[in-house]
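The lines below spell out each chain.
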Amino acid sequence: MGNLTNMVETVKALKPNQIVRNELVRQQFINVYNAVWKEGGEQVYEREANYFNKILREKPDLVCCTSLSVFFAFIDLAVQGISIEPGVRAMAYLLPRNYKLTGADGRDYYEKRCNLTISGQGELYLRARAGQILHADNPVIVYEGDDFEFGERDGRKYVNYCMHFPRSSNRIVAVFIKITRIDGTVDYSSMVENDWKRLEVYSGRNNAYFDKEKRERVERPNELYTSTNGGIDPGFLKAKCIKHAFDTYPKLRIGKGSVLESQTIDEPQPSFDPYAGAADATDNSQEQQEQQQEQQQAANDSFATTANPPAGITINTNAGATDDVW
């Protein structure tokens, strides 16, 4: 209990930009990395600490996040064994998000937290490492004027695609991803414009709010649906494609400070506490208690069996999207 209290109080007393270089945090990162990946913790710590602090300096919003959320996000780099190195193929990045909480007086308030957001590229890497797939190509954006055909023949999905060059239009009409299963067979998943238009409607409903001045309910879809010349953002669409391609696959187990870019899931490790008990000492909301109960139930059930899914998984490309909150 003494070590737990010391860690919590130390982290809470630090400013976000002081956390990574704190000696207790440094040792915790190295211990966690070596416990999960057996060796290399010190070298990985130095590399990721440099990237992490550089991003904090470049993004002022992150400095306004809670210290504990910054700590969780940093430790999750050790848990997942991924890098926050910037670039076009970045596996993860830092994103501030507001969380609605209920105080002891019953009033709602918002808290800004730093999330380690795992990109589509990072998710594909994690799924391959978990043994869910052998390989998956990056999603391919199809523009108006390209040759594109998606169908099924003899029980197998197929895609015929040829990019038109030079491009005659910037309007996106489809996206697809090629997945190689662990038995070597190939599957495809695709989305067309009607699919993400439907998701945009759901997003507007789920993010609706009451405008006090107009005295009416206003639906507010995620702005990325229309942020690129009135059309959907290509990177956002790739993430949606990955999300729906893996709807029937087991959920990835990610850390307390992490979210998937393709969908917002918070699943702390049920059998290993990389935060030295800090999470248990600070989780007091009803939602967090329910998550802990779910995690305990998952640990008691056959969750471990999902690490090696059957070889013949078929991806449901028509999965419903009523739970979409983007």
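Residues numbered from 1 in each chain as written. Predicted model: local features only at pLDDT ≥ 70, side-chain atom pairs only at ≥ 80, totals over all residues. Heavy atoms only, no water.

### A word on the overall build of the protein
Along its length, the protein carries 11 helices and 11 strands. Evaluated residue by residue, the protein yields a buried proportion of 42% over its 326 residues. Across the protein, every contact between residues at least 6 apart in sequence was considered, and the portion connecting residues at least 24 apart equals 63%. Carbon together with sulfur atoms contributes 46% to the accessible area of the protein, which is approximately 17700 Å² in total. (Helix = DSSP H or I, 4+ residues; strand = E, 2+ residues; numbered from the N terminus. Buried < 20%, exposed > 50% of the residue type's maximum accessible area, 1.4 Å probe, protein only. Contact = heavy atoms within 4.5 Å. Areas by Shrake-Rupley, 256 points an atom, 1.4 Å probe, with all protein chains shown as cover.)

### Some words on helix 9 (residues 234-245)
Its 12 residues give helix 9 an end-to-end C-alpha distance of 16 Å, which sits within 8% of 16 Å, the value for a rise of 1.5 Å per residue. When you tally the buried positions in helix 9, you get 9 out of 12 residues, the bulk of the element. Listing the buried residues of helix 9 in full gives Phe236, Leu237, Ala239, Lys240, Cys241, Ile242, Lys243, His244 and Ala245. At its buried positions, helix 9 is contacted by helix 7 (120-129), strand 4 (140-143), strand 7 (172-180), strand 8 (186-192) and helix 8 (193-206). Of the residues flanking the start of helix 9, the one acting as N-cap is Asp233, its side-chain oxygen 3.1 Å from the backbone nitrogen of Gly235. (Expected span 1.5 Å × (residues − 1). Polar contact = N/O pair within 3.5 Å; in protein donor to acceptor, adjacent residues only side chain to side chain.)

### Regarding the confidence of the model for the protein
Across the protein, the average pLDDT comes to 81, with 79% of residues at 70 or higher. Long-range and interchain partners of residues 265-271, a stretch whose pLDDT sits below 50, account for 25 contacts in this model, where long-range means more than four residues apart. (pLDDT = per-residue confidence, 0-100.)

### Things to note about the packing of helix 3 (residues 23-37) against helix 6 (residues 67-80)
For the pair helix 3 and helix 6, interaxial distance at closest approach is 8 Å and the crossing angle is 25°. Judged by the angle between their axes, helix 3 and helix 6 are roughly parallel. For the pair helix 3 and helix 6, the crossing hand works out as right-handed. Along its contact with helix 3, which presents Val25, Gln28, Phe29, Val32, Tyr33, Val36 and Trp37, the element helix 6 presents Phe71, Phe74, Ile75, Leu77, Ala78, Val79 and Gln80. (Axes fitted to C-alpha atoms, helices over the stretch in contact; angles between N-to-C directions. Parallel < 35°, antiparallel > 145°, perpendicular 65-115°, else oblique. Left-handed = near helix turned anticlockwise from the far one by under 90°.)

### Digging into the pairing of strand 5 (residues 147-153)
As paired elements, strand 5 and strand 6 (residues 156-162) share 7 bridges and run antiparallel to each other. Paired with Arg153 across the strands is Arg156, a residue of strand 6. (Pairing = 2+ DSSP bridges.)

### Observations regarding the packing of helix 3 against helix 4 (residues 41-58)
Packing of helix 3 against helix 4 brings their axes to within 8 Å, and their N-to-C directions diverge by 125°. Taken together, the axes of helix 3 and helix 4 are oblique relative to one another. Taken as a pair, helix 3 and helix 4 cross one another with a handedness that is right-handed. Counting all contacts with helix 3, which are made through Arg26, Phe29, Ile30, Tyr33 and Asn34, the residues of helix 4 involved are Gly41, Glu42, Val44, Tyr45, Glu46 and Glu48.

### As for the pairing of strand 8
Most of strand 8 sits out of view: 5 of its 7 residues are buried. Bridging between strand 7 and strand 8 involves 7 bridges; their strand directions are antiparallel. From the neighbouring strand, Val175 faces strand 8, where its bridge partner is Met191. As consecutive antiparallel partners, strand 7 and strand 8 are separated by 5 residues, and within that stretch Gly184 has a phi angle of approximately 90°, a positive value.

### A short note on the packing of aromatic side chains
Within the structure shown, the criterion is met by 9 aromatic pairs. When the ring of Phe52 is compared with that of Phe74, the centres are 5.2 Å apart and the planes differ by 75°; the resulting orientation is edge-to-face. In this pair, Phe52 sits in helix 4 while Phe74 sits in helix 6, placing the two residues 22 residues apart along the sequence. Considered together, Phe52 and Phe74 belong to a single accessibility category, that of buried residues. Site record: aromatic cluster; members linked through ring pairs are Phe29, Tyr45, Phe52 and Phe74. In this structure, Arg153 is placed above the aromatic ring of Tyr158, and the distance from its NZ or CZ to the ring centre is 4.3 Å. Across from the ring centre of Tyr143, 3.6 Å away, lies the NZ or CZ of Arg167, which sits over that ring. (Phe/Tyr/Trp six-rings, centres within 6.5 Å; stacked < 30°, edge-to-face > 60°. Lys NZ or Arg CZ within 6 Å of the ring centre and 35° of its normal.)

### A short note on the pattern of salt bridges
Evaluation of the coordinates by the stated rule reveals 14 salt bridges. Between Glu23 and Arg26 there is a salt bridge whose closest N-O contact spans 3.4 Å. A residue pair is termed a helical-turn pair when its members lie 3 or 4 positions apart in one helix, as Glu23 and Arg26 do in helix 3 at 3 residues. Residue Glu23 is classed as partly exposed on the basis of its relative accessible area of 47%. The closest approach of N and O atoms between Arg171 and Glu193, which form a salt bridge, is 2.5 Å. (Salt bridge = Lys/Arg side-chain N within 4 Å of Asp/Glu carboxyl O.)

### Some thoughts on the sheet that holds strand 1 (residues 92-102)
Ordered in space as 1-2-11, the 3 strands form an open sheet in which the pairing is mixed. This sheet does not close on itself; its edge strands, each paired only once, are strand 1 and strand 11 (258-260). Shown here is a sheet whose adjacent strand axes are inclined to one another by a mean of 45°, direction ignored. The pairing of strand 1 with strand 2 (residues 108-118) spans 11 bridges and is classified as antiparallel. Of the residues in strand 2, the one forming a bridge with Thr102 is Asp108.

### Some points on the state of the cysteines
Between two cysteines, a covalent bond joining their sulfur atoms is known as a disulfide. Per the counting criterion, the structure on display carries 0 disulfides. Lacking any disulfide linkage, Cys114 is separated from the closest cysteine sulfur, that of Cys65, by 5.2 Å. The class of Cys114 is buried, set by a relative accessible area of 1%. (Disulfide = S-S within 2.5 Å.)

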